[in-house]
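Chains, contacts and geometry: an overview
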Amino acid sequence: MIEPYQAVGLIPTMRGITRRADIQHNIDHIGHLIKAASWLSSLDLPVRLIAIPEGALQGFNDEVLDLDHEDFAATCAIDVPGPETEKLAELAVTWDSFLIAQAKARHPEFPGRFFNIGFVIDRRGEIILKHYKTVPLLPVEHSVTPHDVWDRWIELYGECLDAFYPVADTEIGRIGILMANEASYPENARGLAMNGAEIIYRGPYPHPHVGNGLYEVQNRARALDNNAYLIACNVGTYFLDEHSEIPIDTFGGQSMIVDYKGQIVGRHDYSGGSSWVAGTIDVAALRHFRANAQWDNWIKDLKTEQYRVIYDRPIYPKNLYLSRKPYNHTEYRKEVINRQIELMHERDIWVRPE
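These numbers come from a predicted model, not from an experiment.

Details of the overall build of the chain
Along its length, the chain carries 11 helices and 14 strands. Taking the principal axes of its C-alpha atoms as reference, the chain extends roughly 60 × 55 × 40 Å. Each of the 354 residues in the chain was classed as buried or not, and the buried ones make up 52%. Distance from the positive charge centre (35 side chains) to the negative charge centre (49 side chains) of the chain: 3 Å.

Some words on the packing of aromatic side chains
Following the criterion strictly, the structure yields 15 aromatic pairs and no others. Residues phenylalanine 115 and tryptophan 153 carry aromatic rings whose centres are separated by 5.7 Å and whose planes lie at 40° to one another, so their mutual orientation is tilted. Here phenylalanine 115 is found in strand β5 (residues 114-121), whereas its partner tryptophan 153 is found in helix α5 (residues 150-157), with 38 residues between them in sequence. When its relative accessible area of 0% is taken as the criterion, phenylalanine 115 is described as buried.

Some remarks on the sheet that holds strand β10 (residues 229-232)
Taken together, the 6 strands give an open sheet; going across it, the order is β7-β8-β9-β10-β12-β13, and neighbouring strands pair in mixed fashion. The two strands at the open ends of the sheet, each matched to only one other strand, are β7 (167-170) and β13 (264-268). Shown here is a sheet whose adjacent strand axes are inclined to one another by a mean of 15°, direction ignored. Relative to β10, strand β9 (residues 199-202) runs parallel, the two being bridged by 4 bridges. Bridge assignment links isoleucine 200 to a residue of β10, and that residue is leucine 230.

Cut-off values and rules
- Residues numbered from 1 in each chain as written.
- Predicted model: local features only at pLDDT ≥ 70, side-chain atom pairs only at ≥ 80, totals over all residues.
- Heavy atoms only, no water.
- Helix = DSSP H or I, 4+ residues; strand = E, 2+ residues; numbered from the N terminus.
- Buried < 20%, exposed > 50% of the residue type's maximum accessible area, 1.4 Å probe, protein only.
- Lys, Arg positive; Asp, Glu negative; His and termini not counted.
- Charge placed at Lys NZ, Arg CZ, Asp CG, Glu CD.
- Phe/Tyr/Trp six-rings, centres within 6.5 Å; stacked < 30°, edge-to-face > 60°.
- Pairing = 2+ DSSP bridges.
- Axes fitted to C-alpha atoms, helices over the stretch in contact; angles between N-to-C directions.

The values are spatial; any link to function lies outside them.
Right, dumping it as structure tokens:
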């Protein structure tokens, strides 16, 4: 039986990068933060899982500054595994904990491109899972997704749950990754759950959507819908680059750990600095609930044949970046957003405004 343990979601101050070497500053800071968080959070139960939020290594400058995709891939994106993940692996070993993190990273099959990759490092320092973000923050995030290179992705990995929603079966439970805007779409959390996930990492979400309640609604709903724990750690103060003296809280806090019944078991509302959220994970209780509940262990009752018709007709274009680099912000609005809105009107799914 897996005994209850503490999970920690870091809320680090971060600096956006202009070159790959700048990442080291953020990793050093994460190391100090892990030391404080692990020590204080382990006073009752041992810390066995540490989550580092999306953006903590590199910031979001590729999005904020509308940088050229190929330039960022060449100068700022990392390799997984690589020198940066090796340093994180040392932290996992030092603190005898599983570690979840994220980076904008390259893929050997797609030269000149970068993906947004979440990864799990076990307590021995081995990378045991890589998840490629399926839905970026679509108006502004330049990362390539599997859907953007669909035909080649299917050739490489097949058309199966593991190709899009991989889950690591570990000694502390089955772990899956759901980054930022992925959780805006319930299908992505359901994909992880249908592949066995019991503990789901959820990346940060920006203000004002966090302050207006969207982040909490999504986090609690995704955990409740799928009877899974969800660790949602937002990032702290954002400095645009290594020389910036202007700290801005662009994310709004509201970090939380949610249990398999949608209840918040750990929360940290503030993010104007560096801190962490902690809460208890009880995988044995989750498994007992799934096996014994009669009603609200929802997945057992899915009418898959009925739901399939909802998605019979494609909506978002696949292979968008199979033969070209991702659009900048202005191009994306013209070539994708405007066309998608028109498609919804043409199909009479939405009624045109007067």
